[in-house]
Amino acid sequence: MTAVSTEQEMKIIVFQIKDKEYALPVERVRGIEKLLHITRVPKTLPFIKGVINLRGVITPIIDLRIRFGFDEVVYNESTRIIIVVIEGMEVGLIVDSANDVMDIPIASIEPQPEVVGHRIDEYISGVAKIDKRLLILVNLEKTLSLDTLQESMRKEG
């Protein structure tokens, strides 16, 4: 008799920004690309790097490092663009590197920690502890929402 696992799992893409590991659900990810030529768009927020033409689709590119309030760095061989789909639109997210695809038990996901004074906490949907790894689950809706972008413009403008 074979044991059947009843524990639900979520498949995620793990990526790195600074010295932390973040994750996105695989079903939201369209692809992972090496850094491509980005065409700047005038009068956009600092974290909106511009647009790329990806297989005939004009895709806006957001640097998650800057979006989360970290210092900007020079892109290198490890830098990747994760193409995600949100509200039917493709958006590229620049990350320091894309590490892994893995299954995590949904039960291992805890609510976002209460961190006072950090801008990033509003972009987190939860935290998963897997062995000795701590994976921060990114809330795409908050990170890329029009309301959040407009709020950032008011703060930064």
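Before any of the text, the structure's been laid out above.
Summarised in this report is the structure supplied together with it. (Residues numbered from 1 in each chain as written. Predicted model: local features only at pLDDT ≥ 70, side-chain atom pairs only at ≥ 80, totals over all residues. Heavy atoms only, no water.)

## Here we look at the pattern of salt bridges
Phase 1 of the analysis: Applying the stated rule across the entire model yields ten salt bridges.
Phase 2 of the analysis: In this structure, the salt-bridge partner of Glu 141 is Arg 28, at a minimum N-O distance of 2.9 Å. Here Glu 141 is found in helix 2 (residues 140–144), whereas its partner Arg 28 is found in the loop between strand 2 (20–25) and strand 3 (29–34), with 113 residues between them in sequence.
Phase 3 of the analysis: Since its relative accessible area comes to 40%, Glu 141 is described here as partly exposed.
Phase 4 of the analysis: Residue Lys 49 is joined to Glu 72 by a salt bridge in which the shortest nitrogen-to-oxygen separation is 2.7 Å. Here Glu 72 lies in the loop between helix 1 (64–67) and strand 6 (80–86) and Lys 49 lies in strand 4 (residues 48–54), a separation of 23 residues in the sequence.
Phase 5 of the analysis: One connected set of salt bridges, linked through shared partners, spans Glu 21, Asp 100 and Arg 133. (Salt bridge = Lys/Arg side-chain N within 4 Å of Asp/Glu carboxyl O. Helix = DSSP H or I, 4+ residues; strand = E, 2+ residues; numbered from the N terminus. Buried < 20%, exposed > 50% of the residue type's maximum accessible area, 1.4 Å probe, protein only.)

## Details of the sheet that holds strand 10 (residues 124–130)
Phase 1 of the analysis: If you trace the six strands from one edge of the open sheet to the other, you get 8-1-2-11-10-9, paired in mixed fashion. What marks the edges here is a single partner per strand, and that holds for strand 8 (97–105) and strand 9 (109–110).
Phase 2 of the analysis: Sheet topology note: the strand 1 (residues 9–17)/strand 8 ladder contains eight bridges and is antiparallel. Among the inter-strand pairings, Val 14 is bridged to a residue of strand 8, identified as Asp 100. (Pairing = 2+ DSSP bridges.)

## Here we look at the sheet that holds strand 6
Whenever strands of a sheet pair, they do so through backbone hydrogen bonds, lying parallel or antiparallel.
Phase 1 of the analysis: The strand order 3-6-7-5-4 describes an open sheet built from five strands, whose pairing is mixed. Across the chains shown, the open sheet's two edge strands, defined by having one partner strand only, are strand 3 and strand 4. Shown here is a sheet whose adjacent strand axes are inclined to one another by a mean of 30°, direction ignored.
Phase 2 of the analysis: Note that strand 6 and strand 7 (residues 89–95) share seven bridges and pair antiparallel. Bridging across to strand 7, Ile 81 finds its partner in Ile 94. (Axes fitted to C-alpha atoms, helices over the stretch in contact; angles between N-to-C directions.)

## Points about the packing of aromatic side chains
Phase 1 of the analysis: With the rule as written, the count across this model stands at three aromatic pairs.
Phase 2 of the analysis: Note on Tyr 22 and Phe 68: the rings are 5.6 Å apart at their centroids and 40° apart in plane angle, and the pair reads as tilted. One end of the pair, Tyr 22, is in strand 2; the other, Phe 68, is in the loop between helix 1 and strand 6, with 46 residues separating them in the sequence.
Phase 3 of the analysis: Under the relative-accessibility criterion, Tyr 22 is labelled buried at 2%.
Phase 4 of the analysis: Put simply, the rings of Phe 15, Tyr 22, Phe 68 and Tyr 123 touch in pairs and so form one group of aromatic residues.
Phase 5 of the analysis: Lying across the ring of Phe 47, Arg 67 places its NZ or CZ 4.4 Å from the centre. (Phe/Tyr/Trp six-rings, centres within 6.5 Å; stacked < 30°, edge-to-face > 60°. Lys NZ or Arg CZ within 6 Å of the ring centre and 35° of its normal.)

## Concerning the nonpolar core
Phase 1 of the analysis: Phe 15, Leu 24, Ile 82, Val 84, Leu 93 and Leu 144 are the most contacted members of the largest nonpolar core, which has 25 residues in total.
Phase 2 of the analysis: Contacts of Val 84, omitting those with residues within four sequence positions, involve Leu 24, Arg 28, Val 29, Arg 30, Met 89, Glu 90, Val 91, Leu 93, Leu 140 and Leu 144.
Phase 3 of the analysis: By size, the runner-up hydrophobic cluster in this structure holds nine residues, among which are Val 14, Ala 23, Met 102 and Leu 135. (Core = buried A, V, L, I, M, F, W, Y, C linked by side-chain atoms within 4.5 Å. Contact = heavy atoms within 4.5 Å.)

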